[in-house]
Each structure stands twice: as structure tokens, then as C-alpha cells.
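Analysis of the macromolecular model
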Amino acid sequence: GAGVSQSPRYKVAKRGQDVALRCDPISGHVSLFWYQQALGQGPEFLTYFQNEAQLDKSGLPSDRFFAERPEGSVSTLKIQRTQQEDSAVYLCASSLGRERYGYTFGSGTRLTVV
Amino acid sequence: EDQVTQSPEALRLQEGESSSLNCSYTVSGLRGLFWYRQDPGKGPEFLFTLYSAGEEKEKERLKATLTKKESFLHITAPKPEDSATYLCAGSSNTGKLIFGQGTTLQVKP
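Overview of the structure.

1. Looking at the overall build of chain B
Looking only at helices and strands, chain B has zero helices and 11 strands in total. In sequence order, the secondary structure elements of chain B are arranged as β-β-β-β-β-β-β-β-β-β-β. Taken against the 2.2 N^0.38 rule, which gives 13 Å for 109 residues, the C-alpha radius of gyration of chain B at 13 Å falls within 12% of a compact globule. Each principal axis of the C-alpha atoms in chain B carries an extent, and together these give about 40 × 30 × 20 Å. Every one of the 109 residues in chain B was classed for burial, and the buried ones make up 47%. Looking at chain B alone, contacts between residues at least 24 apart form 54% of all its contacts between residues at least 6 apart. Put simply, chain B shows about 5,200 Å² of open surface, and 47% of that area lies on carbon and sulfur atoms.

2. A word on the nonpolar core
Ranked by size, the top nonpolar core spans 23 residues in total, and within it Trp 35, Leu 73 and Tyr 86 of chain B carry the most contacts. Going through the elements one at a time, strand E2 (10-14), strand E3 (19-26), strand E4 (32-38), strand E5 (45-50), strand E7 (62-66), strand E8 (70-75), strand E9 (84-91) and strand E11 (103-108) of chain B are the ones with two or more residues in this core. Setting aside chain neighbours within four positions, we find Leu 73 of chain B in contact with Ser 19, Ser 20, Leu 21, Trp 35, Phe 48, Leu 62, Lys 63, Ala 64 and Tyr 86 of chain B. Within the second largest apolar cluster, 20 residues are counted, among which are Val 4, Cys 23, Leu 46 and Leu 111 of chain A.

Rules and cut-offs
Residues numbered from 1 in each chain as written. Chains lettered and ligands numbered in written order. Predicted model: local features only at pLDDT ≥ 70, side-chain atom pairs only at ≥ 80, totals over all residues. Heavy atoms only, no water. Helix = DSSP H or I, 4+ residues; strand = E, 2+ residues; numbered from the N terminus. Rg over C-alpha atoms; globule rule 2.2 N^0.38 Å. Buried < 20%, exposed > 50% of the residue type's maximum accessible area, 1.4 Å probe, protein only. Contact = heavy atoms within 4.5 Å. Areas by Shrake-Rupley, 256 points an atom, 1.4 Å probe, with all protein chains shown as cover. Core = buried A, V, L, I, M, F, W, Y, C linked by side-chain atoms within 4.5 Å.

Here it is as C-alpha cells:
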């Protein structure tokens, strides 16, 4: 597609429920990033893939967060046993390579844990 | 520790009133300084990348500049449609972006 597509756009989860957030990057983009954006704050790095390899997961806040990109295209961010503090917008970005090619962001998934 | 700080947090301007947004950064092995625009309910939209001190880039009413410690986003004669949150981010030597908290700009007609 022409842009980075994320689904669902909105997700309401009960505390303790597992959720899965999907990111479809721009075709051909080898790099894929996940960010978490709390209300009124800038995005914070979660994890980075180059093709199917997860090269950096230092930003994942706990072992309840898990990300995968098995075939080097679509990526899924999974959150197990959601907590209220997980409520945020989850943004996905993709790039041809690294910063010299720029990063294109999707519109995000707004997760609300009740 | 890598850090990016933006000021002010919020800025209100009258249409046509020029101003500047500040971004101070401490990012090890900085590989690029990015400016993004974010509208409510949307993802960040790329504006500029700056790579070395002294570099400047322009787009319509926006001009971004870079020094060794700061970047500025100058807005000349803004219009109401320039109202948005402007995010600054440094790309570290690992490739990830470290964002500031953003400056929310409101331009009144």
C-alpha cells in the first residue's frame, strides 16, 4: 500500500485480557519500529526489526510485551494480561533502511484498558 | 543518557506572527535530527532531517536549523492550518528515534 497501515484503530480491553496489534509496513521497507505514545507525550521506542530479525527490544516495558515479524513484512505487537498503564497509542513506523531514508508512521492503534 | 527536550510545551500565535520552536538534544552518535508534525488522532508526519551543524532546510513557512546542541523550527507568518504538535527526534547510533515531548502550536486567525 501507499502508507503504513495499522489495525485496529481503536481497541478497548478489559484488564487482564491479551491483545494483538497489527502493522502493515510500506512494501519493500526492511526496517520496522514500534513506539508507544502516552497522552500529551512524545513517542517512546519499543522495538526494532530489520526484515524478520528483531535487532533491538530494549524499549519493551515488561515481559508481557512481545513483537514478531515472521516473514519480514507484517508485524504484530502482542500485550499479555493488559494493565491500565498499557493504555496508550501504539505507533508503527517503517523505513527503506535507516534514517537517511526517513521513517513513515502509521496512524496508530489507540489502546484503552478498562 | 540520550535525551531530547522541546520548548515551549505550548505556543499560541496570531496568524502572521512568526516564532521559533526549540529542541535541545543529547544523543550519543547522533545520526540525524528529525522534525515531525502530528495532527490529533494521526501518526507523525515527516518534515525534515538535518545531519550536521549549520545545516538548514525549508518547506513553505517552515525552516529547520541545527547546531551541535540544539535545533530550531522557525515558523514564518503562520496560518491556522499550521496548528499541530511539532515533534523533534534524534536518531541514535542504534537507529532508533528518541523523541521530545512535543510543542503544541495553535495559530489563531
